[in-house]
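What follows is each chain in one-letter form.
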Amino acid sequence: MTSTTPPATEPSDADKAGIAALTQKVIAAWAYHDADGFADLFTEDGTMILAGVYRNGREAIREFLREAYQGRYKGTQVTGKPLGIRMLDSDAAILLTQGGVLEAGESEVSPAAAIRASWVVVRRDGQWRLAAYQNTPVNAN
């Protein structure tokens, strides 16, 4: 027996705004080095994959960021913009973005720090949340 998957629907304007707002919430949480605010954007079982980093679960993400904001990411900011949104169903979507980490004093992402990211987002209790986030460098070395 074969099954077919219905074609993805175009996101409504409200869904586009709610999903894209996640990028701004991440930027804001990072600006204040707010590990709680950042981690709370994920589902409880959310996953975050960065270069050399894999964290599974909201609490593991929170703990990683608490440490990273005191070390590697101290004084940094992040920036990004949506490249596209594809609805998987009415409560799940993939958001593609481009951006990166800004070191202290930078206003533009350096070519070495530029990333593209995939965000798997789900609607839970009326709120869009991150189920999975993964990024990769734009420019391979």
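Only a predicted model underlies this, so the values are computations on that prediction, with no experimental measurement involved.

What about the nonpolar core?
Inference 1: Residues Phe38, Trp119 and Tyr133 are the most contacted members of the largest nonpolar core, which totals 31 residues.
Inference 2: For this core, the secondary structure elements donating two or more residues are helix H1 (13-31), helix H2 (35-39), strand S1 (42-50), helix H3 (58-70), strand S3 (77-89), strand S4 (92-102), strand S5 (114-124) and strand S6 (127-137).
Inference 3: Residues in contact with Trp119, not counting those within four places in the same chain, are Leu22, Thr23, Val26, Ala93, Ile94, Leu95, Thr97, Leu130, Ala132 and Tyr133.

Some words on the pairing of S3
Inference 1: Relative to S4, S3 runs antiparallel, the two being bridged by eleven bridges. Considered in S4, the bridge of Met87 is made with Ala93.
Inference 2: Connecting S3 to the antiparallel partner S4 that follows it, the hairpin turn spans two residues.

Overview of the side chain of Asn135
Inference 1: For Asn135, the location among the structural elements is in strand S6.
Inference 2: Leaving out residues up to four positions away in the same chain, Asn135 has contacts with Ile49, Leu50, Ala51, Ile115, Arg116 and Ala117.

Some points on the pattern of salt bridges
Inference 1: Scanning the entire structure with this criterion turns up eight salt bridges.
Inference 2: Notably, a salt bridge pairs Glu63 with Arg66, separated by 3.9 Å at the nearest N-O pair. Of the two residues, Glu63 and Arg66 both sit in helix H3, three residues apart, roughly one turn of that helix.
Inference 3: Classification of Arg66 as partly exposed rests on a relative accessible area of 39%.
Inference 4: The closest approach of N and O atoms between Arg72 and Glu103, which form a salt bridge, is 3.0 Å. Here Arg72, found in the loop between H3 and S3, pairs with Glu103, found in the loop between S4 and S5; they are 31 residues apart in sequence, far enough to count as distant.
Inference 5: According to the relative accessible area criterion, Glu103 is partly exposed, its value standing at 32%.
Inference 6: Linked by salt bridges that have partners in common, Asp36, Asp40, Glu59, Arg62, Glu63 and Arg66 make up one network.

Here is what the cut-offs are and how they apply
- Residues numbered from 1 in each chain as written.
- Predicted model: local features only at pLDDT ≥ 70, side-chain atom pairs only at ≥ 80, totals over all residues.
- Heavy atoms only, no water.
- Core = buried A, V, L, I, M, F, W, Y, C linked by side-chain atoms within 4.5 Å.
- Buried < 20%, exposed > 50% of the residue type's maximum accessible area, 1.4 Å probe, protein only.
- Helix = DSSP H or I, 4+ residues; strand = E, 2+ residues; numbered from the N terminus.
- Contact = heavy atoms within 4.5 Å.
- Pairing = 2+ DSSP bridges.
- Salt bridge = Lys/Arg side-chain N within 4 Å of Asp/Glu carboxyl O.

Remember that the coordinates give geometry; whether it matters functionally is a separate question.
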